[in-house]
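So the chains spell out like this:
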Amino acid sequence: MSEAWPLYRVMGPESNHADRVEPETARNIYKDMVLLRTFDEKTINLQRQGRVGTFPPSLGQEAAEIGSAWALCPEDWMAPSYRDHGAIYVHGVPFQHVVLFAMGKGSSIDGKARVLPTSIPISSHLPHAVGLAMAAKTLNQERVAIAYFGDGGTSEGDFHEALNFAGVFRAPVIFFCQNNGWAISVPVSRQTATPTLVQKAAAYGIEGVRVDGNDALACYQVVQEARERALSNQGPSLIEALTYRIGPHTTADDPTRYRPAQELERWRGEMDPISRLREHLKARGGLSDQEALTIAEDAKALVNAAVEEALNAPAVAVETMFEHVYQVLPDFLIRQRQELQEVLAAFDKEGGQRG
Amino acid sequence: MAEINAVTAINQALLEMMQVDPRVVLLGEDVGPNGGVFRVSEGLWQQFGDQRVMDTPLAESGIVGSAIGMAIGGLRPIAEIQFMGFLYPALNQIFSHLGRVGQRSAGKFRVPLVVRIPYGGGIRAPEQHADSAEAMLVHTPGLKVVVPSTPYDAKGLLYAAVEDPDPVIFLEPIKLYRLGRMEVPSGRVSVPIGPARVARGGRDVTVVTWGAMNHLAMEAANELAQSSISVEIIDLRTLKPMDTKTIAESVQKTGRAVVLHEAPRTAGLGGEVVASIQDEAFWWLKTPVRRVTAYDVPYPPFAWEDWYMPTKERLVRAIQQALAD
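Residues numbered from 1 in each chain as written. Chains lettered and ligands numbered in written order. Predicted model: local features only at pLDDT ≥ 70, side-chain atom pairs only at ≥ 80, totals over all residues.

A. The overall build of chain B, seen in detail. Check the secondary structure of chain B and you find twelve helices and 14 strands. In terms of its C-alpha atoms, chain B occupies a principal-axis envelope of roughly 60 × 45 × 40 Å. Within chain B, the proportion of its 325 residues that are buried is 57%. Taking all contacts inside chain B whose residues are at least 6 apart in sequence as the whole, residues at least 24 apart take part in 80%. (Helix = DSSP H or I, 4+ residues; strand = E, 2+ residues; numbered from the N terminus. Buried ≥ 20, exposed ≤ 12 C-beta atoms within 10 Å, placed from the backbone. Contact = placed C-beta atoms within 7 Å.)

Listed below in C-alpha cells is the structure:
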C-alpha cells in the first residue's frame, strides 16, 4: 500500500521532484531551522534550571515545521499544535512571544499573525481549520487554513470529523501531519493498522501526499502545491510528513523508557534535516561555509537576546486572567476580580513575593 | 400584529438576521431542505442556499468545531445541535476551546458563535431526546447561556445572542416550541442577555425557574391564588451571567423561595441559585430555600416521565412547606 503513496523528495540521491524553491527562500528556511534548534536547545537548558515550564522541543522536526510554514502567505490561517513553535514564528508570531509563552508569561499568540492559540487537546483544532477555510470561501477571501498535528492525532475522532467535513464542503484547508513515529511512548503502529497515515485521505475523497518530512524543500513544495489546489477549488489535502522526534515528548518525558537508543542514530546522522539542507544548499551554491557559520551565530544571538528580554520582562498583572474572557467583563467577574485584588493586596501588605 | 409560537418566532429572527447580515450562516443536521426536525429553519435553505444553510455530516464535534473556526474567521455562525442528548460529542469543543479562545488569544480572537440546542422533557420523546444538561454549560467559563420561555423572548434573545461578540448557548425548551402564541413584532426585538423577567408578581413566596418549568410554576401559582397565596415567579431567561440581583430583590420582599428545574438535582443549577440567595438575601429568609427538581436518575422511558419531572403537586407542596415553617 505504501508504494501507492510514494515519498515526495527534493533533496538527496532519492530525489523524485525537482527543486523549485527560490534560493533566497531556501536560505531563509535554513536560517529559521537553525534558529528553531538553537531555541530548543536553549529552552531545554532553561527548563532544567527551572526558568521555563514543561516544554515540547521540535528537535528533528525542523524541516517539516519550517519548510511547510514558509509555503504559506501571511493572510492564511494557521491552527498549530503545541510542538509548532517554529511554524508559528515563521507565520508571524514574534519570536519574543514564543519565548514568553514557553515561560508561561503570556498567551501563545500575539501581534497580527493569523495563528490560533496552540491546541493542547489532540486534534481538536482540526475542525477549527476547516471552519476558518469555509469562512474564507464564503467571504470570497483568497486564503487557506492549515492545521498541524501528529501521528497520534490521526486516532482522534476530530481528525475524522474534520477531514470528512473538509471533503464534503471542499474547504480550502491543508492537514499537515508530522508523523514523528511516537505519541509520547506509543509507536505509530498502535495508532493505526494501515501501513501509512496518508492513505486515510482516500476515505474522505481528498488529496493525500506523503513527503519526506526531513526534506525541508519537499515540505515547502508539497504545502505550496496543496495551497494552489485549495485556492483553485480542488479541495483539501492531507499531507503526511515522515519525520522523527529526536528529543523527548516534553522535558518531563524520558524516552529511554520506551525506545531503543540506536533508533536515533540514523535520524541524528544522515537524516538530520538541518545538515541535509545545509549540504544541499552548499552543493547548489546557495550557501557558503562562512554564511552557515554566520547564520548559526546570529541564531544564538537572537535566541539569547529574546530569552534575556523575556526573563527580564515585568510580570503581567495576575488580574489579566479576567481581562479577555468576555469582550465586556460581566458583573460577576468584576466582583471575582475584586476578590482577587483584595487577596493580592493583603499578600503584598504582608511582604509576600509574588511568583 | 399576528400571534405566533416560539418556532415561528425563532424562524423569523433567523430569516430577518440572515437578510440583513450576510455573515450569518446556519449549520447542523437536517437544517437544510428539511428545515430542521422541529421546522425551526423552515424555508431558509430555499431562500439562502447551500452556502448559508448547511446540512452537515452527522458529527456534533465537527459542527461546533468548524463553527468555532467560522466565527473566528469572520462569519456569524449559528450551529444547531439536534437534541441536547446529542450534544456530548461536542463537549470537548465547548469545554476545551469555545470559552477559552478569548483569554488564550489575549483578546485577539473572539468567537461570536451561537449554539442552538433544543432541550428538555415532557414531550414523550424517544430515549435520550429529553435531557437538561444546562448546568455543565453554565459551569464552563467563557460562555453565556440563555433559555427563552416565551415566543417574544425567543426572538429577542436570539437577536441578542447573534449580536453578542462572545459564544452564546441558546437553549430552546422543546415543550414550549408550539405551546402558546403571543404577539411578536416583526423586525428586531430587543431582549438583552442578562436580566431575568418577573413572570408573575407576588408577595408571599418566590419561585425561581427557567424554560418549560415556567408553565408549571404558573399553573401552581394560579392554583395557590385561589387559597390567597401570592406567588412571585422569576423566569431567569439568562442562566449565565445570572441575574442574582433580581432573585435577591424578590426574596428580600417575600422572605421565602423555591427553586424549580427539570434537570436532575445534584450539582444542578438550583444549587447555584440557592447559594446566590444565601449570599444576597440570607437575612431576609424566613424559611429554608427548597428545590423541586427531577430525580438523580438517567432520564427514564417516557411512560414514567411525568413522575420523573417536577409536577404541579410537588411544587405546590414545596411552596406550602416554605410558607408553613
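B. Focus on the overall build of chain A. Along the backbone of chain A there are 13 helices and eight strands. Expected size for 355 residues packed as a compact globule is a radius of gyration near 20 Å; at 21 Å, chain A falls within 12% of this value. Projecting the C-alpha coordinates of chain A onto the three principal axes gives extents of approximately 70 × 50 × 40 Å. The 355 residues of chain A split such that 50% are buried. Long-range contacts, defined here as pairs at least 24 residues apart, represent 74% of the contacts in chain A between residues at least 6 apart. (Rg over C-alpha atoms; globule rule 2.2 N^0.38 Å.)

C. Seen up close, the packing of helix α5 (residues 126-138) of chain A against helix α3 (residues 60-72) of chain B. In the contact formed by α5 of chain A and α3 of chain B, the axes pass within 6 Å of each other and the chain directions differ by 50°. Judged by the inter-axis angle, α5 of chain A sits oblique to α3 of chain B. The handedness of the crossing between α5 of chain A and α3 of chain B is right-handed. On α3 of chain B, the residues that touch Pro-127, His-128, Ala-129, Val-130, Gly-131, Leu-132, Met-134 and Ala-135 of chain A of α5 of chain A are Ser-61, Gly-62, Gly-65, Ser-66, Ala-67, Ile-68, Gly-69, Met-70 and Ile-72 of chain B. (Axes fitted to C-alpha atoms, helices over the stretch in contact; angles between N-to-C directions. Parallel < 35°, antiparallel > 145°, perpendicular 65-115°, else oblique. Left-handed = near helix turned anticlockwise from the far one by under 90°.)

D. Molecular detail of the nonpolar core. One finds Ala-129, Val-173 and Ile-239 of chain A together with Val-258 of chain B to be the most contacted residues of the largest nonpolar core, which totals 202 residues. Once residues lying within four places of it in the same chain are set aside, the contact partners of Ala-129 of chain A are Trp-77, Ala-79, Ala-145, Ile-146, Ala-147 and Val-173 of chain A together with Gly-69 of chain B. (Core = buried A, V, L, I, M, F, W, Y, C linked by C-beta atoms within 7 Å.)

E. Region of the structure containing the interface of chain B and chain A. Contact with chain B, which involves 35 residues of that partner, is made by 34 residues of chain A. Those elements giving two or more residues to the side of chain B that touches chain A turn out to be α3, α4 (91-98) and α5 (101-104) of chain B. Broken down by class, the residue content of the side of chain B that touches chain A amounts to 13 nonpolar, 18 polar and four charged. (Nonpolar A, V, L, I, M, F, W, Y, C, P; charged D, E, K, R; others polar.)

F. Spotlight on the packing of helix α1 (residues 6-20) of chain B against helix α7 (residues 151-163) of chain B. All names here are of chain B. Following both chains from N to C, one finds α1 and α7 inclined at 30°, their axes separated by 8 Å at the closest point. Classified by the angle between their axes, α1 and α7 sit roughly parallel to one another. Of the two possible hands of crossing, α1 and α7 adopt the one that is right-handed. When α1 is examined against α7, the residues Ala-6, Ala-9, Ile-10, Gln-12, Ala-13 and Met-17 are found in contact with a partner set consisting of Pro-151, Ala-154, Lys-155, Leu-158, Tyr-159 and Val-162. Within the contact of α1 with α7, the residues separate by chemical class into ten nonpolar, one polar and one charged.

G. Up close: the pairing of strand β8 (residues 237-242) of chain A. All names here are of chain A. Judged by how many residues are buried, β8 sits mostly within the fold: six of six residues are covered. Neither face of β8 is left uncovered, since the one carrying Ser-237, Ile-239 and Ala-241 and the one carrying Leu-238, Glu-240 and Leu-242 both have all their residues buried. In the sheet, strand β7 (residues 207-212) pairs with β8 via six bridges, with the strands oriented parallel. In the sheet register, Val-211 faces β8, and the bridge partner there is Ala-241. The parallel pair β7 and β8, bridged by helix α8 (residues 216-231), forms a crossover whose chirality is right-handed. (Pairing = 2+ DSSP bridges. Right-handed = clockwise from strand over helix to strand, strands pointing away.)

H. Seen up close, the environment of Gln-221 of chain A. Residue and element names in this part refer to chain A. Relative to the assigned elements, Gln-221 resides in helix α8. Its 23 C-beta neighbours within 10 Å are what place Gln-221 among the buried residues. Note: C-alpha distance between Gln-221 and His-17 (204 residues apart in sequence) is 9.3 Å. Beyond its immediate stretch of four places on either side in the chain, Gln-221 contacts Val-10, His-17, Arg-20 and Val-21.

I. Focus on unusual backbone geometry. Residues and elements named next belong to chain B. The omega torsion of the bond from Lys-240 to Pro-241 falls at -5°, within 30 degrees of zero and hence cis. Inspection of the secondary structure puts Pro-241 in the loop between β12 (238-240) and α9 (244-254). Positive phi values are uncommon outside glycine, yet Arg-124 reaches one of about 60°. Relative to the helices and strands, Arg-124 is located in the loop between β5 (114-119) and α6 (134-139). On the neighbour-count criterion, Arg-124 (11 C-beta atoms within 10 Å) is exposed.

J. Representation of the domain arrangement of chain A within the structure. You can read the domains of chain A as domain 1 (2-312) and domain 2 (320-349). Taking the mean C-alpha position of each, domain 1 of chain A and domain 2 of chain A sit 38 Å from one another. (Domains from an automatic or database assignment.)

K. Highlighting the sheet that holds strand β10 (residues 205-209) of chain B. All names here are of chain B. Here five strands make up an open sheet; going across it, the order is β9-β11-β10-β13-β14 and the pairing mixed. The open sheet has two edge strands with one neighbour each: β9 (197-200) and β14 (290-294). Ignoring strand direction, the axes of neighbouring strands in this sheet form an average angle of 25°. Here three bridges tie β10 to strand β13 (residues 257-264), and the two strands are oriented parallel to one another. Bridge pairing in β13 places Val-207 opposite Val-258. Where helix α12 (residues 312-324) meets the sheet, it contacts β10, β11 (231-235), β13 and β14, and its direction lies at approximately 170° from that of β14.

L. The arrangement of the sheet that holds strand β7 (residues 168-173) of chain B in detail. Residue and element names in this part refer to chain B. The sheet built from seven strands is open, its strands ordered β3-β2-β4-β5-β7-β6-β12 with mixed pairing. Looking at which strands have only one partner, the edges of the open sheet turn out to be β3 (53-55) and β12. Strand-to-strand twist of the sheet, defined as the mean angle between neighbouring strand axes without regard to direction, takes the value 20°. With two bridges connecting them, strand β6 (residues 144-146) and β12 associate as antiparallel partners. Bridge pairing links Val-145 to Lys-240 in β12. On top of the sheet, α7 reaches β2 (24-28), β4 (76-80), β5, β6 and β7; it is set at about 160° to β7, its chief contact.

M. Geometry of the environment of Leu-35 of chain A. Residue and element names in this part refer to chain A. With respect to the secondary-structure elements, Leu-35 resides in helix α1 (residues 23-48). Taking the number of C-beta atoms within 10 Å as the measure of exposure, Leu-35 has 24 and is therefore buried. In this structure the C-alpha to C-alpha distance between Leu-35 and Ser-119, which are 84 residues apart in sequence, comes to 23 Å. The residues contacting Leu-35, other than those within four sequence positions of it, are Ala-299, Leu-302 and Val-303.

N. Structural detail: the domain arrangement of chain B. Residue and element names in this part refer to chain B. Looking at the assigned domains, one finds that chain B contains domain 1 (3-183) and domain 2 (197-324). When each unit is reduced to the centre of its C-alpha atoms, the spacing between domain 1 and domain 2 is 26 Å. Listed as interface residues are 26 residues of domain 1 and, on the opposing side, 21 residues of domain 2. Mapped by element, the contributors of at least two residues to the side of domain 1 that touches domain 2 are α6, β6, α7 and β7. Its residues assigned to classes, the side of domain 1 that touches domain 2 comprises 14 nonpolar, five polar and seven charged.

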